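Chain and residue survey
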Amino acid sequence: MKASASYLLRRLMLGATLLTSGCNTMAPPRAEVACSSTLPPGIALSADGQTASTNLSVLTFNIEGLSWPARSGRGPSLAKIGTHLAAMRSVGRAPDVVLFQEMFSDAAKRAVLASGYPAIASGPHRTTRARGSTREKLPGRSSLKRGEIGIHAFGSGLAIASRYAIVDTDRRAYGRKSCAGFDCLSNKGIALARIEVPGVPSLIDVYDTHMNSRGASGAPAARNLAAHDRQALEASEFIDRTHDDATPLIFGGDFNMRHSEERWGNFSRYQSLALVHRVCVDPASGCEVRMSWDGDEPWMDTQDLQFFWPGDGVRIRPVRVEALFDGRPGSPQLSDHDGFLVTYELRWKASETRVPGCRVMPGTLAPAR
């Protein structure tokens, strides 16, 4: 069946937006239709008919989309990331939502677009202002040689791609005094995409971030640790401001906390969210682990994490974790990070199942700044 002219126009507009302004948000319009008694696809009922459920798969993936001179020759691998996700989508095996990090270069932006997801939201742009952040100086001295030049050369590199409609977005840049070393060249921050999953009686808040690195930042340990601590606090403040605890939440990204007890300690002071790794490492959790985990604390061995919060009317729990883009057959390794894929089960009272055109979804945000 040929695509309509309006659909093609929307895709062209999205492509132009991605390449010229750093992947701005474009959520497809919502169309209300006549009320139907048919359950949306993917919704299952319990044996007694009292409970409904569906799955939502979320991939967090740092695609190593750095620009020259930090990286060179990344174009072919980035292009393969886009085509591989598009191929997975064509056979119905792609993640429902992808949280991208390091989408800096034009090749990286084209890869995100080529994945074919119909709804894409961006993180802070290069010029997005950090509001409400501390002005206190970090420990030690700033250095122009480490990239602490006072201006951003790039945006946040964040994008959230979804097969489902993104009905609201928001973003926050981390403060100018909340970055250390070469990380200050990008306007790092946190992004929110509020997603409408067919049938689910609540919207799902999905957050994406990329926090300050350690050795790669080139900044002294005390300085990059303090920057990471401030970003953890600012991310927590942003989530508190934009999220209603009654609704489910997923928070993923590159947290740059691998092998750092200090960073984990600081981060945990501000966050009460459940960590997927911590849940799934327990054999009694009912979460299937399809990847190699070493030791009792596998979350300490990776930068790429996901956290979640169960809502009141819609419960959420991880039921499967696996690696993607990890070098296995059919899963090419195309970045210096493997993708971390989590499948969540969403469960609610069957009587609350939302049928198209029959229920207005609660919870909206002001337009993204």
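Look up a bit, the structure's there.
Here we summarise the structure given alongside this text. (Residues numbered from 1 in each chain as written. Predicted model: local features only at pLDDT ≥ 70, side-chain atom pairs only at ≥ 80, totals over all residues. Heavy atoms only, no water.)

1. Regarding the sheet that holds strand β9 (residues 249–254)
In spatial order, the strands read β6-β7-β8-β9-β12-β10; together these six strands make up an open sheet with mixed pairing. Here the strands that pair on one side only, and so sit at the sheet edges, are β6 (165–173) and β10 (274–275). In the sheet, β10 pairs with strand β12 (residues 304–309) via two bridges, with the strands oriented antiparallel. What sits directly across from Ala274, in β12, is Phe308. Across the face of the sheet, helix α4 (residues 221–242) comes into contact with β6, β7 (189–196), β8 (204–210) and β9 while running at roughly 140° to β6. (Pairing = 2+ DSSP bridges. Helix = DSSP H or I, 4+ residues; strand = E, 2+ residues; numbered from the N terminus. Contact = heavy atoms within 4.5 Å. Axes fitted to C-alpha atoms, helices over the stretch in contact; angles between N-to-C directions.)

2. Focus on a nonpolar patch on the surface
Side chains of Leu144, Ile149 and Ile151 sit close together on the surface and give an oily, nonpolar patch of about 320 Å² of accessible area. Positionally, Ile151 belongs in the loop between β4 (119–122) and β5 (159–162). (Patch = residues over 30% accessible without salt bridge, like charges linked within 9 Å, V, L, I, M, F, W, Y side chains within 5 Å. Areas by Shrake-Rupley, 256 points an atom, 1.4 Å probe, with all protein chains shown as cover. Salt bridge = Lys/Arg side-chain N within 4 Å of Asp/Glu carboxyl O.)

3. Structural notes on the state of the cysteines
Per the counting criterion, the structure on display carries two disulfides. Two residues, Cys179 and Cys184, share a disulfide whose sulfurs are 2.1 Å apart. Taking the torsion about the sulfur-sulfur bond, which here is approximately 115°, the covalent link between Cys179 and Cys184 counts as right-handed. Assessed through its relative accessible area of 10%, Cys179 is described here as buried. With its sulfur 2.1 Å from that of its partner, Cys280 forms a disulfide with Cys287. Taking the torsion about the S-S bond as the criterion, the Cys280 to Cys287 disulfide, at about 80°, is right-handed. For Cys280, a relative accessible area of 3% corresponds to the buried category. (Disulfide = S-S within 2.5 Å. Buried < 20%, exposed > 50% of the residue type's maximum accessible area, 1.4 Å probe, protein only.)

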